[in-house]
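Structural features, examined
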Amino acid sequence: VQLQASGGGLVQTGGSLRLSCAASGQSFNRAFMGWFRQSPGKERECVAAISASGDATYHADSVKGRFTISRDNDKNTVYLQMNNLKPEDTAVYSCAGSRRLITPTRFSEMYDFWGQGTLVTVSS
């Protein structure tokens, strides 16, 4: 599976963005998916993850109530809706997938395939 993330950009504090991760290849609908972010000097962080069917999700405490992960298996796409953005959300956001998981997880080592990142910059 190949992943292509898009939707990043520059936004003011309090604004919104929706990231998309389009998958090509087979069996996207059997893959658990996650969104990760990394900014300079910080460790990579999983902000959200979703089960293959979409019925189970994980959101990091730092984004809970502001970010929402979802997916459309007919379109082979996973989304990250980001509302009420803060300067500390500035990072490169990447999507990743795994067919080994049985529950959404924040642990990056459990993900097998990764897309390139898209930069999100939140100005104060």
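A brief report on the enclosed structure follows. Owing to the predicted nature of the structure, the values given are computational and were not obtained by experimental measurement.

1. Things to note about the pattern of salt bridges
Taken as a whole and judged by the stated rule, the model has five salt bridges. A salt bridge links arginine 37 to aspartate 89, with the shortest nitrogen-to-oxygen separation between them at 2.9 Å. Separated by 52 residues along the polypeptide, arginine 37 in strand β4 (residues 32–38) and aspartate 89 in the loop between β8 (77–82) and β9 (91–98) bring together distant segments of the chain. Like arginine 37, the residue aspartate 89 is buried in the burial classification. Connected through shared salt-bridge partners, Arg37, Glu45, Arg66 and Asp89 make up one network.

2. Examining the side chain of serine 98
Relative to the assigned elements, serine 98 resides in strand β9. A polar atom in the side chain of serine 98 sits 2.8 Å from the backbone oxygen of methionine 110. Excluding residues within four positions of it along the chain, serine 98 makes contact with Arg30, Ala31, Phe32, Met110, Tyr111, Asp112 and Phe113.

3. Focus: the packing of aromatic side chains
Throughout the structure, instances matching the rule amount to three aromatic pairs. Aromatic pair phenylalanine 36 and tyrosine 111: ring centres 5.2 Å apart, planes at 80 degrees, arrangement edge-to-face. Of the two residues, phenylalanine 36 sits in strand β4 while tyrosine 111 sits in the loop between β9 and β10 (113–114), which places them 75 residues apart along the sequence. Residue class for phenylalanine 36 comes out buried when judged on its relative accessible area of 1%. Ring centres of tyrosine 111 and tryptophan 114 lie 6.4 Å apart, and the angle between their planes is 65 degrees; on these two criteria the pair is classed as edge-to-face. Through a chain of ring-to-ring contacts, the aromatic side chains of Phe36, Tyr111 and Trp114 assemble into a single cluster. Above the face of the phenylalanine 28 ring, arginine 71 is positioned so that its terminal group lies 4.5 Å from the ring centre.

4. Observations regarding the state of the cysteines
Evaluated as defined, the whole model comprises one disulfide. Between the sulfur of cysteine 21 and that of cysteine 95 lies a disulfide, 2.1 Å long from S to S. When the S-S torsion is 70 degrees, as for the bridge of cysteine 21 with cysteine 95, the disulfide is right-handed. With a gap of 74 residues between them, cysteine 21 in strand β3 (residues 17–24) and cysteine 95 in strand β9 connect regions that are remote in the sequence.

5. Overview of the pairing of strand β1 (residues 2–6)
The alternating pattern of β1 places Leu3 and Ala5 on a buried face, while none of Gln2, Gln4 and Ser6, on the opposite face, is buried. With five bridges joining them, β1 and β3 adopt antiparallel strand pairing. Residue pairing across strands places serine 6 opposite serine 20, the latter belonging to β3.

6. Remarks on the sheet that holds β1
Reading across from one edge, β1-β3-β8-β7 is the order of the four strands in this open sheet, with antiparallel pairing throughout. The two strands at the open ends of the sheet, each matched to only one other strand, are β1 and β7 (67–72). Adjacent strand axes in the sheet meet at a mean angle of 15 degrees, parallel and antiparallel pairs treated alike. The pairing of β3 with β8 spans six bridges and is antiparallel.

Cut-offs applied
- Residues numbered from 1 in each chain as written.
- Predicted model: local features only at pLDDT ≥ 70, side-chain atom pairs only at ≥ 80, totals over all residues.
- Heavy atoms only, no water.
- Salt bridge = Lys/Arg side-chain N within 4 Å of Asp/Glu carboxyl O.
- Helix = DSSP H or I, 4+ residues; strand = E, 2+ residues; numbered from the N terminus.
- Buried < 20%, exposed > 50% of the residue type's maximum accessible area, 1.4 Å probe, protein only.
- Polar contact = N/O pair within 3.5 Å; in protein donor to acceptor, adjacent residues only side chain to side chain.
- Contact = heavy atoms within 4.5 Å.
- Phe/Tyr/Trp six-rings, centres within 6.5 Å; stacked < 30°, edge-to-face > 60°.
- Lys NZ or Arg CZ within 6 Å of the ring centre and 35° of its normal.
- Disulfide = S-S within 2.5 Å.
- Pairing = 2+ DSSP bridges.
- Axes fitted to C-alpha atoms, helices over the stretch in contact; angles between N-to-C directions.

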